[in-house]
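Here is what each chain is made of, one letter per residue.
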Number of protein chains: 4
Amino acid sequence: MIQILVGTNRQNSLSEEIAKYYQQLLLQKNQESNIVSLKNLPEDFTASALYGNIGKNTAFNILRDEIVNATKIVMIVPEYNGSFPGVLKAFIDGLPFPAALSDKKIALVGLSAGVQGGALALSHLGDIFAYLNANVLGMRVKLIQVQKFYKDNVVTNEMYNQLLNEQIDKFIAF
Amino acid sequence: MIQILVGTNRQNSLSEEIAKYYQQLLLQKNQESNIVSLKNLPEDFTASALYGNIGKNTAFNILRDEIVNATKIVMIVPEYNGSFPGVLKAFIDGLPFPAALSDKKIALVGLSAGVQGGALALSHLGDIFAYLNANVLGMRVKLIQVQKFYKDNVVTNEMYNQLLNEQIDKFIAF
Amino acid sequence: MIQILVGTNRQNSLSEEIAKYYQQLLLQKNQESNIVSLKNLPEDFTASALYGNIGKNTAFNILRDEIVNATKIVMIVPEYNGSFPGVLKAFIDGLPFPAALSDKKIALVGLSAGVQGGALALSHLGDIFAYLNANVLGMRVKLIQVQKFYKDNVVTNEMYNQLLNEQIDKFIAF
Amino acid sequence: MIQILVGTNRQNSLSEEIAKYYQQLLLQKNQESNIVSLKNLPEDFTASALYGNIGKNTAFNILRDEIVNATKIVMIVPEYNGSFPGVLKAFIDGLPFPAALSDKKIALVGLSAGVQGGALALSHLGDIFAYLNANVLGMRVKLIQVQKFYKDNVVTNEMYNQLLNEQIDKFIAF
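The structure reproduced in this document is the subject of the present report. Computed from a prediction, not measured in an experiment: that's the story for all the values here. Per-chain numbering applies: the sequence of each chain, read as written, is numbered from 1 onward. To read the labels, note that chains go from A and ligands from 1, taken in the order they are written. A pLDDT threshold of at least 70 governs which residues receive local features in this predicted model, and a stricter bar of 80 or more applies before side-chain atom pairs are shown or counted, although totals over entire chains, interfaces and linings include all residues.

## Here's the deal with the overall build of chain A
In terms of helices and strands, chain A carries six helices and eight strands. The helix count covers DSSP runs of H or I at least four residues long, the strand count covers runs of E at least two residues long, and both are numbered beginning at the N terminus. For chain A, the sequential pattern of α-helices and β-strands runs β-α-β-α-α-β-α-β-α-β-β-β-β-α. As defined in this context, the radius of gyration uses C-alpha atoms, and a globule is described by 2.2 Å times the residue total to the power 0.38. Expected size for 174 residues packed as a compact globule is a radius of gyration near 16 Å; at 15 Å, chain A falls within 12% of this value. Each principal axis of the C-alpha atoms in chain A carries an extent, and together these give about 45 × 30 × 25 Å. Exposure in this text rests on C-beta crowding, where 20 or more other C-beta atoms within 10 Å of a residue's own make it buried, 12 or fewer make it exposed, and counts in between make it partly exposed. The C-beta atoms are placed from the backbone. Evaluated residue by residue, chain A yields a buried proportion of 55% over its 174 residues. Remark: residues whose backbone-derived C-beta atoms lie within 7 Å of one another are considered to be in contact. Considering only contacts within chain A whose residues lie at least 6 apart along the sequence, 76% involve residues at least 24 apart.

## Some words on the packing of helix α1 (residues 14-28) of chain D against helix α6 (residues 158-173) of chain D
Residues and elements named next belong to chain D. Helix axes are fitted only over the stretch in contact, all axes being lines through C-alpha atoms; the angle between N-to-C directions runs from 0 to 180 degrees. Orientation of α1 relative to α6, taken along the N-to-C sense of each, is 60 degrees, at an axis distance of 10 Å. Viewed along their axes, α1 and α6 adopt a mutual orientation that is oblique. Considering the relative orientation of α1 and α6, their crossing is right-handed. Across the interface between the two elements, Y22, L25 and L26 from α1 touch L164, N165 and I168 from α6. Working rule for angles: under 35 degrees goes down as roughly parallel, over 145 as roughly antiparallel, 65 to 115 as roughly perpendicular, anything else as oblique. Throughout, a crossing is termed right-handed when the near helix is turned clockwise from the far one, and left-handed when it is turned anticlockwise from it by less than a right angle.

## Thoughts on the relation of the copies chain A and chain B
Each copy is superposed on the other by least squares, with the fit set by C-alpha atoms of residues at a pLDDT of at least 70 in both. The operation relating chain A to chain B is a screw motion whose rotation component is 180 degrees, with 0.0 Å of axial translation and a residual RMSD of 0.0 Å. What we have between these two chains is a two-fold relation. Looking at the interface residues of chain A, 100% of them are also at the interface in chain B, so both copies use one shared face.

## Quick word on the pairing of strand β3 (residues 72-78) of chain B
Residues in a regular strand point their side chains to alternate faces of the sheet. Residue and element names in this part refer to chain B. The buried count for β3 comes to six of seven residues, which makes it a mostly enclosed element. We call two strands paired when DSSP finds no fewer than two bridges between them. By the bridge criterion, seven bridges tie β3 to strand β4 (residues 105-112) in an arrangement that is parallel. The residue bridging P78 from the neighbouring strand is L111, located in β4. Think of it like this: strands point away, you trace from the first strand over the helix to the second, and a clockwise trace means the crossover is right-handed. Assessed by its sense of winding, the connection that carries the chain from β3 through helix α4 (residues 86-93) to β4 is right-handed.

## Quick word on the environment of Y51 of chain A
Residue and element names in this part refer to chain A. Structurally, the position occupied by Y51 is in the loop between α2 (45-48) and α3 (58-68). The exposure class assigned to Y51 is partly exposed, which follows from the 17 C-beta atoms found within 10 Å. Spatially, the C-alpha atoms of Y51 and V141 are 33 Å apart, while their sequence positions differ by 90 residues.

## Examining the interface of chain C and chain A
In this complex, chain C contributes six residues to the contact, which on the side of chain A involves six residues. Among the elements that take part in the side of chain C that touches chain A, helix α5 (residues 119-131) of chain C stands out by supplying three residues, more than any other. Classes in brief: Ala, Val, Leu, Ile, Met, Phe, Trp, Tyr, Cys and Pro nonpolar; Asp, Glu, Lys and Arg charged; the others, Gly included, polar. By residue class, the composition of the side of chain C that touches chain A is four nonpolar, two polar and no charged.

## Notes on the pairing of strand β2 (residues 33-37) of chain A
All names here are of chain A. Where strand β1 (residues 2-6) and β2 come together, five bridges link them in parallel fashion. Paired with I2 across the strands is S33, a residue of β2. A crossover links β1 with its parallel partner β2, the connecting element being helix α1 (residues 14-28), and its sense is right-handed.

## What about helix α4 (residues 86-93) of chain D?
Taken across its eight residues, α4 of chain D has eight buried, putting it largely inside the fold. Residues G86, V87, L88, K89, A90, F91, I92 and D93 of chain D constitute the buried set of α4 of chain D. The elements touched by buried residues of α4 of chain D are α2 (45-48) and α4 (86-93) of chain C together with α2 (45-48), β3 (72-78) and α5 (119-131) of chain D.

## Focus: the nonpolar core
Note that soluble globular proteins tend to have their nonpolar side chains buried in a common cluster. I76 of chain A, I76 of chain B, I76 of chain C together with I76 of chain D are the most contacted members of the largest nonpolar core, which totals 228 residues. Leaving out residues up to four positions away in the same chain, I76 of chain C has contacts with I4, L5, V6, G7, S15, I18, A19, Y22, V109 and L111 of chain C. Remark: nonpolar core denotes a set of buried Ala, Val, Leu, Ile, Met, Phe, Trp, Tyr and Cys residues whose joining runs through C-beta atoms within 7 Å.

## Regarding the interface of chain A and chain B
Taken together, the contact between chain A and chain B spans 26 residues of the former and 26 residues of the latter. Of all elements in the fold, only α2, α4 (86-93) and α5 (119-131) of chain A reach the threshold of two or more residues within the side of chain A that touches chain B. It is α4 of chain A that contributes the most residues to the side of chain A that touches chain B, eight residues altogether. Tallied by class, the residues present in the side of chain A that touches chain B amount to 13 nonpolar, seven polar and six charged.

## Quick word on the environment of T71 of chain A
Residue and element names in this part refer to chain A. Inspection of the secondary structure assignment puts T71 in the loop between α3 and β3 (72-78). Taking the number of C-beta atoms within 10 Å as the measure of exposure, T71 has 10 and is therefore exposed. Note: C-alpha distance between T71 and I54 (17 residues apart in sequence) is 22 Å. Those residues in contact with T71, other than ones at most four positions away along the chain, are K104 and K105.

Below is the structure:
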């Protein structure tokens, strides 16, 4: 069971749409998956689930457990302010340290309205996951100007579909 | 007036103590400053002050305005999970884009319990501030194992004090 | 006098063409500049000008002195293998440490045939220059697919020209 | 057969000593390995083996082939100027693109005289290898102030030995 983490708490995010599309691509290769969306984070989690409160917020713990119990995680990461959403890092800051992500296998997909495709976002995440002893698949997919290439629940750009499928094949074998 | 941003919302943080100490060092050089602490963020700000809600949370806006109206900002940044606190990035994600930090002058101080001193934390922040067209002072101070060298409101390590004072001199001239 | 460093030793590089174009833009704002090209590095400099041989290679020292004596440096940096050219870093490794770049002012222009514009290249350089206490202008210009937008010695893309001129104005004031 | 790449062309480098020590640790776990040292690069390789000359320098090609034919590579990387040696990147710039490192498995060991242990060096390399579709083991070992903990061909620091052996176990299983 692969966990697909939607890396933002924005409501009705394009990241969540792409997560659903990624799930369909996985299914075509007979891979079951589950979507974990940060939009389900408790509204006050930065005050109630971090630091001295780690483990104490039941609603937070539901999301936490889906990640902690995973062996493979795909992260759909939108680019905000030249990096990834702060909320994603705050979620990671609330996971049990250091075991939560240790030895887990992670694949990264970046999204951007502009032309970077989250290149720096994925670089920063790569550092954090290395620090946490998680293994990140080398092949990172960057979906540039993704809003132009997504319509009726489908990514319409052929190259993007090739890249996503290639990433999935590598991740299954990883 | 220099703004000193405490880069975590943790209560009773060492970062806040270091911010106060930094303020004293500034005062010795006749520089007035003001401490802006993320511990004062509204508990639900990730749900009420970002994305479609930018600008709508009055309590958030108080902190926002102290940064938006600043020309020089010192950031005291603890290392969490090999980078900086997610809450700091979520705060930045709630600032008006792209003007909030454009052309501002920023100095970075990293803190860690371990031996990195937030080297990667400051690297990631440097990327974000470059993206936002802010100018970051080249000299970044990294306070390694800071808890060993802070007692009774004073940083006791002579080299750290030299580095902090050198950074302040450069930042005043920046 | 602004130094414009061509960040590759490739012969007939597009980076050198862009350096000449940047020089023209500077001249339009009455700023004199000088082009320092790594194509003039001695062929054996990695064996004769680094480590125990720092300072001993006369031909290397000519380039070295143009950088060491500068106060402002613009770097034209092509993207090679997801970062900047190794030769540029090897050149930096041959500069006198730590004074060569300390307190210098640096502006970065990235070039790429693909869509990244050297985003990670400039990020890595930013880390190195921070380590060396140089001050890097926040605004980094990334010229994406630059070969499509350069003809007869002129950058033909209007947005690129706006960005380059905006960078120059900021750098003059920096 | 694991290739151990010494990431500098410095003669008599501590990196080469650590490579030999790493080789002994591998042997204790019945893993054969081969040391590839950049000190064997042709003196003029930056002029004769890159860009239009890729593949044309026979002496360079010997080193190239040891990497191109590898499936697992350990890199021993000293920290120079806040990153890794320029010569290492110039070597990578001379490898056949994009196939040379694609799908290869890489483990990183950083060395520093100071307290960073090459944290940023390994971060930058991680970006480059992700760009080249290589898979980097999450666990990066950073040997801080390594000269203090190496004597008579042995790393004397117990924690360092634990980390190196843990990395080797993970890399064998990777």
